[in-house]
Amino acid sequence: SILRRDLDGARALLEGAGARVPSSAVFYGRAYVNQLRALIALASGDLRHAKESSAQTLRQFDELGATPDRAIAVLEFAREAMKRGIAPEEVSRWLDIAIADFERVGNHRQREEALAMQVDRLRHHSSPVYEPRRERDLIERVSRLLDSLSDSGELMQRSMEIAVEHFGAERGVLLLLDSETGR
């Protein structure tokens, strides 16, 4: 990709391509110009322009019935955004589109690549799902612990073990306030 080598060179190429592809020209040319525009915006961290250009690219590829081109474009958008750590909602949407499009055209290798990226994104960037029952279970376990132990040291130790287990943490810290000193 041109973005890996020279961002300024990509911008210059874009300007030249935009001048050669007027609005009435070939739809493919305009779609690829917008794709490059979106990739440059992502590489620059300009999320607003990236969203606009990527949406325009997808619309143009849709109008052309160019599902393989659309799938490759959204995969590139997702890859660039993931590399920069930006636009997690867009990345998820782009990967969903890529997975569906690659499935539709029978491109199993790139579908697997998009699925692997989605799994990686979910592993590293998703927030835990709120589960009321799980929270209630934690409260009940701590309540039983409070009723059964009188030694404050053991109570703190066991409470921390339960919390660390519940949240899937490797370790935890308990900060206590001394009511006499306020520290």
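Here goes a summary of the coordinates provided. None of these values were measured; they are calculated from a predicted model.

Side note on the overall build of the protein chain
Next, step 1: Counting its secondary structure elements, the protein chain contains 9 helices and 0 strands.
Next, step 2: Moving toward the C terminus, one meets the helices and strands of the protein chain in the order α-α-α-α-α-α-α-α-α.
Next, step 3: Out of the 183 residues belonging to the protein chain, those deemed buried represent 32%.
Next, step 4: Long-range pairs, those at least 24 residues apart, make up 52% of the contacts in the protein chain between residues at least 6 apart in sequence.
Next, step 5: Of the roughly 12,000 Å² of accessible surface on the protein chain, 52% is carried by carbon and sulfur atoms.

Considering the packing of aromatic side chains
Next, step 1: In the structure shown here, the tally under the stated rule is 4 aromatic pairs.
Next, step 2: Ring centres of Y32 and F61 lie 5.2 Å apart, and the angle between their planes is 70°; on these two criteria the pair is classed as edge-to-face. Pair noted here: Y32 is in helix α3 (residues 27-44) and F61 is in helix α4 (residues 47-64), with a separation of 29 residues, a long-range link.
Next, step 3: Y32 gets classed as partly exposed once you look at its relative accessible area, which sits at 37%.
Next, step 4: On the basis of relative accessible area, F61 is assigned to the buried category, the value being 1%.
Next, step 5: Grouped by ring-pair contacts, the aromatic residues Y28, Y32 and F61 constitute a single cluster.

A few points about helix α9 (residues 152-167)
Next, step 1: For α9, with 16 residues, the first-to-last C-alpha span of 22 Å sits near the 22 Å given by 1.5 Å per residue.
Next, step 2: On the buried face of α9, the contacting elements are α8 (132-148).

Notes on the pattern of salt bridges
Next, step 1: Per the stated rule, a full pass over the model turns up 10 salt bridges.
Next, step 2: The residue E52 makes a salt bridge to R48 at a minimum N-O spacing of 3.0 Å. With E52 and R48 both in helix α4 and 4 residues apart, the pair spans about one turn of that helix.
Next, step 3: Exposure remark for E52: the relative accessible area of 41% places this residue in the partly exposed category.
Next, step 4: For R111, the salt bridge goes to E103, with nearest N and O atoms at 2.8 Å.
Next, step 5: The class of R111 is partly exposed, set by a relative accessible area of 25%.
Next, step 6: Ionic contacts of the salt-bridge type, sharing partners, join the residues D62, R70, D101 and R104 into one network.

Quick word on the packing of helix α5 (residues 67-84) against helix α6 (residues 88-105)
Next, step 1: Their axes nearest at 8 Å, the elements α5 and α6 cross at an angle of 150°. One element, α5, and the other, α6, form an angle in the roughly antiparallel class. Two packed elements cross with a definite hand, and for α5 against α6 that hand is left-handed. For the pair α5 and α6, the contacting residues are T67, P68, R70, A71, I72, V74, L75, F77, A78, A81 and M82 in the first and V91, W94, L95, I97, A98, D101, F102, R104 and V105 in the second.

What counts, and at which threshold
- Residues numbered from 1 in each chain as written.
- Predicted model: local features only at pLDDT ≥ 70, side-chain atom pairs only at ≥ 80, totals over all residues.
- Heavy atoms only, no water.
- Helix = DSSP H or I, 4+ residues; strand = E, 2+ residues; numbered from the N terminus.
- Buried < 20%, exposed > 50% of the residue type's maximum accessible area, 1.4 Å probe, protein only.
- Contact = heavy atoms within 4.5 Å.
- Areas by Shrake-Rupley, 256 points an atom, 1.4 Å probe, with all protein chains shown as cover.
- Phe/Tyr/Trp six-rings, centres within 6.5 Å; stacked < 30°, edge-to-face > 60°.
- Expected span 1.5 Å × (residues − 1).
- Salt bridge = Lys/Arg side-chain N within 4 Å of Asp/Glu carboxyl O.
- Axes fitted to C-alpha atoms, helices over the stretch in contact; angles between N-to-C directions.
- Parallel < 35°, antiparallel > 145°, perpendicular 65-115°, else oblique.
- Left-handed = near helix turned anticlockwise from the far one by under 90°.

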